Amino acid sequence: MAGAAPRFEGNRPSNTILMQRLTPETLGMLIALYEHSVFTQGVVWNIDSFDNGASSLGKVLAQRIVPELESEEEPKLLHDSSTNNLIRLARHLKQ
């Protein structure tokens, strides 16, 4: 559909990890967890997990969400209900 905002189709597994404070230790754990998971899946499926279209789409979607997370005022959220609720929770934990 021309002009439609990019989005992931539903019914696909995902993980969301929230923490109240990002420290060097927790960041290192998150990076290690992510890299290990992605690498293992790539080996199992025989694909290069670090070079695919989903990574690019994720970056595009993140560029839309970051300003909503950082806004001082409550943003108008126009995502699906799951994403809207995760943004609200992340904003609440940031307070």
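The preceding data block contains the structure.
From a predicted model like this one, the values you see are computed outputs, not experimental measurements. (Residues numbered from 1 in each chain as written. Predicted model: local features only at pLDDT ≥ 70, side-chain atom pairs only at ≥ 80, totals over all residues. Heavy atoms only, no water.)

Engineer: Help me out: how do you make sense of the overall build of the chain in this one?
Structural biologist: When helices and strands are counted, the chain shows three helices and zero strands. For the chain, contacts bridging at least 24 residues in sequence account for 33% of all contacts bridging at least 6. In the structure as shown, the chain presents an accessible area of about 8,200 Å², 56% of it carried by carbon and sulfur atoms. Counting 9 positive and 11 negative side-chain charges, the chain places the averaged centre of each group 6 Å from the other. (Helix = DSSP H or I, 4+ residues; strand = E, 2+ residues; numbered from the N terminus. Contact = heavy atoms within 4.5 Å. Areas by Shrake-Rupley, 256 points an atom, 1.4 Å probe, with all protein chains shown as cover. Lys, Arg positive; Asp, Glu negative; His and termini not counted. Charge placed at Lys NZ, Arg CZ, Asp CG, Glu CD.)

Engineer: Would you explain helix α1 (residues 24-45) in this entry?
Structural biologist: Working note: α-helix, 3.6 residues per turn, so residues spaced by three or four point in the same direction. Its 22 residues place the ends of α1 32 Å apart at the C-alpha level, agreeing with the 32 Å of an ideal helix rising 1.5 Å per residue. For α1, every residue scored as buried is listed here: Thr26, Val38 and Gly42. Down the axis of α1, the sector holding all buried residues measures 130°, keeping them to one side. Relative to its buried face, α1 has exposed residues pointing more than 90 degrees away, namely Pro24, Glu25, His36, Phe39, Val43 and Val44. Once α1 ends, the next one or two residues include asparagine 46, with phi positive near 55°. (Expected span 1.5 Å × (residues − 1). Buried < 20%, exposed > 50% of the residue type's maximum accessible area, 1.4 Å probe, protein only. Arc of directions from axis to C-beta.)

Engineer: Can you walk me through unusual backbone geometry in this structure?
Structural biologist: The general pattern is negative phi for most residues beyond glycine and trans for most peptide bonds. Even without glycine at this site, asparagine 46 takes up a positive phi of about 55°. You can call asparagine 46 exposed: its relative accessible area is 72%.

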